[in-house]
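So you can see what is in the structure, the chains are spelled out below.
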Amino acid sequence: MTFELSDRVQAVPPSGIRRFFEIAEERDDVISLGVGEPDFATPWAARDAAITSLEQGKTSYTANRGKRELREAIADYVADRFELGYDPDEEIIVTAGASEAVDLAFRAFVNPGDTVAIAQPAYISYEPGVIFAGGEVLSVPTREEDDFRLTVEGLEEAGAADADVLVLCYPNNPTGAIMTEEDLKPIAEFARENDLTVFSDEIYAELTYDGEHTSIASLEGMRERTIVFNGFSKAHAMTGLRLGYALGPADAIGAMNKIHQYTMLSAPTTAQYAALEALDTCDNDVAEMVEEYDRRRRFVLSRFREIGMDVFEAKGAFYCFPEVPEGFTAEEFAEGVLREQGVAVVPGDVFGDVGEGHLRVSYATGLEDLRKALNRIEAFVADHA
Ligand code: PLP
């Protein structure tokens, strides 16, 4: 017997990067600049708190929305870092990674046929999330000449005024772009004027290397129409512990919790203990990791320029987004440099058509490997000049 797949599942194409993993498996000397996760281990104090919680047998479910103590710590943290005020009882939900928060939001607020405008290039999960929820995707291209920031002009050109939801992610995966308060203000105005719900994925907020991160939800009139996603995977190097959260008005978080309580019950308990400790005592660990990412960022950008590949000044997350040299598509370059030099990078078009001609290069890898990888990319470019 074969299973009959649902139309929604069939509508989502297989991941564009699987083939690259298969090629990478053929060699044993591959340096991967392809992954989007920290190379650091979770700060020890957070791991220790998780271990202690296990030793003490704290292995039951928590409240659906997450441990109250953790929600309080999150409320304090976002107030302190991003000037965001959310009530721990009603306006915060702890989820299994930011991924679950993103999925809950699509399912809670997108009706079949609704249009979801996505600033692209974009993180690969948004589009499938919209399709699984029965919505229609509207791509809103961002451009290199705008440093990949979202602009009102771009929104207008794409027809986003008629959309129901706008998804944005700054600092951005895959480009490394950030948006300042001044950049966000006109976007907020556009959202208010056109009555858009905004999903703001701020999982890379701590990884901002130029100034401070501003949340669009902190701008006038935006709190009531915005859901913010954040989590512990990136800044706290906790990808495998699967812990994230969403912030929003009480009725919206209540709606997300309705799905969460039937599909997840509660986010992983051990991870909640780790996260509580991370917020309580691990600021220095985060600061050290951020400093190291910044050092790598500057190194990688300057090496690409030396090699003669154009690259815009990425200022956030742990990615940069160089242009491939003339004569290559993004996929041809990525496949060539993997087969011939054993360096894995991700072709930019995986993140939407607008990413064609670029590569996503992650610097969540030690400096020594980054040095070797950039030397190999240089050799590849020279061989094909
Ligand atoms: N949002 C963005 C922009 C990401 O890049 C990622 C992971 O790569 C996620 C969300 C998912 O994060 P989590 O591990 O918290 O599910």
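Before any of the text, the structure's been laid out above.
All values reported here derive from a predicted model rather than from experimental measurement.

*Asks:* I'm lost on the site of the ligand in this one. Help?
*Replies:* The immediate surroundings of the ligand are formed by 13 residues, with A98, S99, D201, S233 and K234 found nearest. Within the side chain of K234, a nitrogen or oxygen atom sits 2.6 Å from an oxygen atom of the ligand. Burial of the ligand by the surrounding chains reaches 93%, relative to a free accessible area of 400 Å². With 3 residues, helix α5 (residues 97-109) is the single largest residue contributor to the shell around the ligand.

*Asks:* Help me understand empty space enclosed by the protein in this model?
*Replies:* To find leftover empty space, one rolls a probe the size of a water molecule over the atoms. For the structure on display, the rule yields 2 cavities of 30 Å³ or more. When its volume is computed, the largest cavity comes out at roughly 60 Å³. Around the largest cavity, the lining residues are Y77, E202, I203, A205, E206, N230, G231, F232, A235, H236 and Y245. Split into classes, the residues belonging to the lining of the largest cavity amount to 6 nonpolar, 3 polar and 2 charged. Of the voids in this model, the second largest cavity is the one considered here, and its volume is about 40 Å³. The residue makeup of the lining of the second largest cavity, split by class, is 4 nonpolar, 3 polar and 1 charged.

*Asks:* Before we go on, may I ask you to explain the nonpolar core in this structure?
*Replies:* It is characteristic of soluble globular proteins that their nonpolar side chains tend to be buried jointly. L150, I216, V300, F304, F333 and I377 are the most contacted members of the largest nonpolar core, which has 72 residues in total. Among the elements that take part in this core, helix α11 (residues 283-307) stands out by supplying 9 residues, more than any other. When residues of this core are assigned to domains, at least three map to each of domain 1 (7-42 + 284-383) and domain 2 (45-281). Excluding anything up to four places from it in sequence, F333 contacts M309, V324, P325, F328, L359, I377, F380 and V381. Counting 29 residues, the second-largest nonpolar core is a separate cluster that includes A50, A205, A217 and L243.

*Asks:* Would you take a moment to explain the pattern of salt bridges for this structure?
*Replies:* Between side chains of opposite charge, pairing is possible as soon as their charged atoms come close. Under the counting rule described, the total for this entry stands at 27 salt bridges. For R303, the salt bridge goes to E306, with nearest N and O atoms at 2.9 Å. Taken together, the residues span about one helical turn, with R303 and E306 both in helix α11 at a distance of 3 residues. Its relative accessible area of 56% is what places E306 among the exposed residues. Residue R339 is joined to E335 by a salt bridge in which the shortest nitrogen-to-oxygen separation is 3.0 Å.

Cut-off values and rules
Residues numbered from 1 in each chain as written. Predicted model: local features only at pLDDT ≥ 70, side-chain atom pairs only at ≥ 80, totals over all residues. Heavy atoms only, no water. Near = heavy atom within 4 Å. Polar contact = N/O pair within 3.5 Å; in protein donor to acceptor, adjacent residues only side chain to side chain. Areas by Shrake-Rupley, 256 points an atom, 1.4 Å probe, with all protein chains shown as cover. Helix = DSSP H or I, 4+ residues; strand = E, 2+ residues; numbered from the N terminus. 1 Å grid on protein atoms, 1.4 Å probe; cavity = no way out; pocket = protein on both sides within 12 Å on 5 of 7 lines; lining within 4 Å. Points joined across faces, edges and corners; volume = space filled by probe spheres on them. Nonpolar A, V, L, I, M, F, W, Y, C, P; charged D, E, K, R; others polar. Core = buried A, V, L, I, M, F, W, Y, C linked by side-chain atoms within 4.5 Å. Buried < 20%, exposed > 50% of the residue type's maximum accessible area, 1.4 Å probe, protein only. Domains from an automatic or database assignment. Contact = heavy atoms within 4.5 Å. Salt bridge = Lys/Arg side-chain N within 4 Å of Asp/Glu carboxyl O.

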